[in-house]
Amino acid sequence: LKLGVTILGQSDIQIAALGHGENNHMFKVTVGKKQLVFRIPFRAELAPKLKQEYLTLKSIPTIIGPRALLFHEDTPSYMIQSLVPGTHVSDWSMELINTHVATMVRLHNSSKKECSGIAINNLFEAKIDFRLKNDPEVLQDKIILALIKKLIDKVKKVQDNFSDLKMLSFIHGDLHTGN
């Protein structure tokens, strides 16, 4: 797509990169006064993750996060969602942190799992193994691998702190610089 190209009779189109998530590029597309976000997976095999996000966004209240509008399954796949307006925050006040935490709790409340008797270190190691297989470009760095080993050892040492939890939710288990 190019800026200023006429699409569907519209000549007032603006496209701006919003950055990227763990698995996809994000673009803000403005057509007239309507603002949308297009999310495009980095690779075709990541499309099922994006579809799952689409289905999850469709299932949560519209007052939390963006509204999922369309998932295009053919290659190349993409998702269109509403834009959540805002600005980048560089200085987090305690009020903002508390608001963020409360919102994340509401957002992830339905995805909590019973965890009595589950070893947190096994869950953590399973996440790391998944990332090593699926995102090798991120985790194959020698420094990162050394840090991961230290993290696994540390999680094993604090396992007892998690034994009394009634439920557990992984909120941001994805390892990329944005998180």
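Scoring rules and cut-offs
- Residues numbered from 1 in each chain as written.
- Predicted model: local features only at pLDDT ≥ 70, side-chain atom pairs only at ≥ 80, totals over all residues.
- Heavy atoms only, no water.
- Helix = DSSP H or I, 4+ residues; strand = E, 2+ residues; numbered from the N terminus.
- Buried < 20%, exposed > 50% of the residue type's maximum accessible area, 1.4 Å probe, protein only.
- Contact = heavy atoms within 4.5 Å.
- Areas by Shrake-Rupley, 256 points an atom, 1.4 Å probe, with all protein chains shown as cover.
- Pairing = 2+ DSSP bridges.
- Expected span 1.5 Å × (residues − 1).
- Arc of directions from axis to C-beta.
- Axes fitted to C-alpha atoms, helices over the stretch in contact; angles between N-to-C directions.
- Core = buried A, V, L, I, M, F, W, Y, C linked by side-chain atoms within 4.5 Å.
- Salt bridge = Lys/Arg side-chain N within 4 Å of Asp/Glu carboxyl O.

Q: So what about the overall build of the protein chain? Which residues, and what values?
A: Across its full length, the protein chain holds five helices and seven strands. Along the chain direction, N to C, the helices and strands of the protein chain fall in the order β-β-β-α-β-β-α-β-α-α-α-β. Residues classed as buried in the protein chain amount to 23% of the 179 residues present. Taking contacts inside the protein chain between residues at least 6 apart in sequence as the whole, the part at least 24 apart equals 44%. On the protein chain, roughly 12900 Å² of surface is accessible, and the fraction owed to carbon and sulfur atoms is 59%.

Q: Describe the pairing of strand E5 (residues 78-82), and please don't skip the residues or the numbers.
A: Across a regular strand the side chains alternate sides, sitting on one face of the sheet and then on the other. Most of E5 is tucked away, with four of its five residues classed as buried. Relative to E5, strand E3 (residues 34-41) runs antiparallel, the two being bridged by four bridges. Counterpart to Phe-38 in the pairing with E5 is Ile-80. Counted between consecutive antiparallel strands, the loop separating strand E4 (residues 68-72) from E5 contains five residues.

Q: Can you tell me about helix H1 (residues 47-59), naming the residues and giving the values?
A: For H1, built from 13 residues, the straight-helix expectation of 18 Å at 1.5 Å per residue is met to within 8% by its first-to-last C-alpha distance of 19 Å. Along H1, the residues classified as buried are Ala-47, Leu-50, Tyr-54 and Leu-57. Down the axis of H1, the buried side of the element spans an arc of 80°, and every buried residue falls inside it. Exposed residues lying more than 90 degrees from the buried face of H1 are Pro-48 and Ser-59. Buried residues belonging to H1 abut strand E2 (24-31), E3, E4 and E5.

Q: Mind laying out the sheet that holds E4, listing which residues take part and the relevant values?
A: With respect to topology, five strands assemble into an open sheet ordered E1-E2-E3-E5-E4, the strand pairing being antiparallel. Two strands lie at the open edges of the sheet, namely strand E1 (13-20) and E4, each paired on one side alone. Between one strand and the next, the sheet's axes are offset by a mean angle of 20°, whatever the strand orientation. As paired elements, E4 and E5 share four bridges and run antiparallel to each other. When the bridges of E5 are listed, Leu-70 appears paired with Ile-80.

Q: Which residues make up the nonpolar core, and what are the values?
A: Counting seven residues, the largest nonpolar core consists of Leu-50, Tyr-54, Leu-57, Ile-60, Ala-68, Phe-71 and Met-79. Elements with a minimum of two residues in this core: H1 and E4. Of all the elements, H1 adds the most residues to this core, at three residues.

Q: Any chance you could break down the pattern of salt bridges for me, citing the residues and the numbers?
A: Under the definition given, this model contains four salt bridges. The closest approach of N and O atoms between Asp-153 and Lys-149, which form a salt bridge, is 3.4 Å. Of the two residues, Asp-153 and Lys-149 are both situated in helix H5 (residues 142-157); the distance of four residues between them amounts to about one turn of the helix. Overall, Asp-153 belongs to the partly exposed group, its relative accessible area being 30%.

Q: A description of the side chain of Thr-30 should follow, citing residues and the corresponding values.
A: With respect to the helices and strands, Thr-30 occurs in strand E2. Assessed through its relative accessible area of 9%, Thr-30 is described here as buried. In this view, Thr-30 contacts Asp-12, Ile-13, Gln-14 and Gln-35; residues no more than four positions away in its chain are not counted.

Q: Describe H5, naming the residues involved and giving the relevant values.
A: Under the 1.5 Å per step criterion, the end-to-end length of H5 is 23 Å for 16 residues, consistent within 8% with the ideal 22 Å. Taken as a whole, H5 has its buried residues at Ile-148, Ile-152 and Val-155. Take H5 and look down its axis: the buried residues cluster within an arc of 70°, on one side only. In H5, the exposed positions angled more than 90 degrees off the buried face are occupied by Lys-142, Ile-143, Lys-149, Lys-150, Lys-154 and Lys-157.

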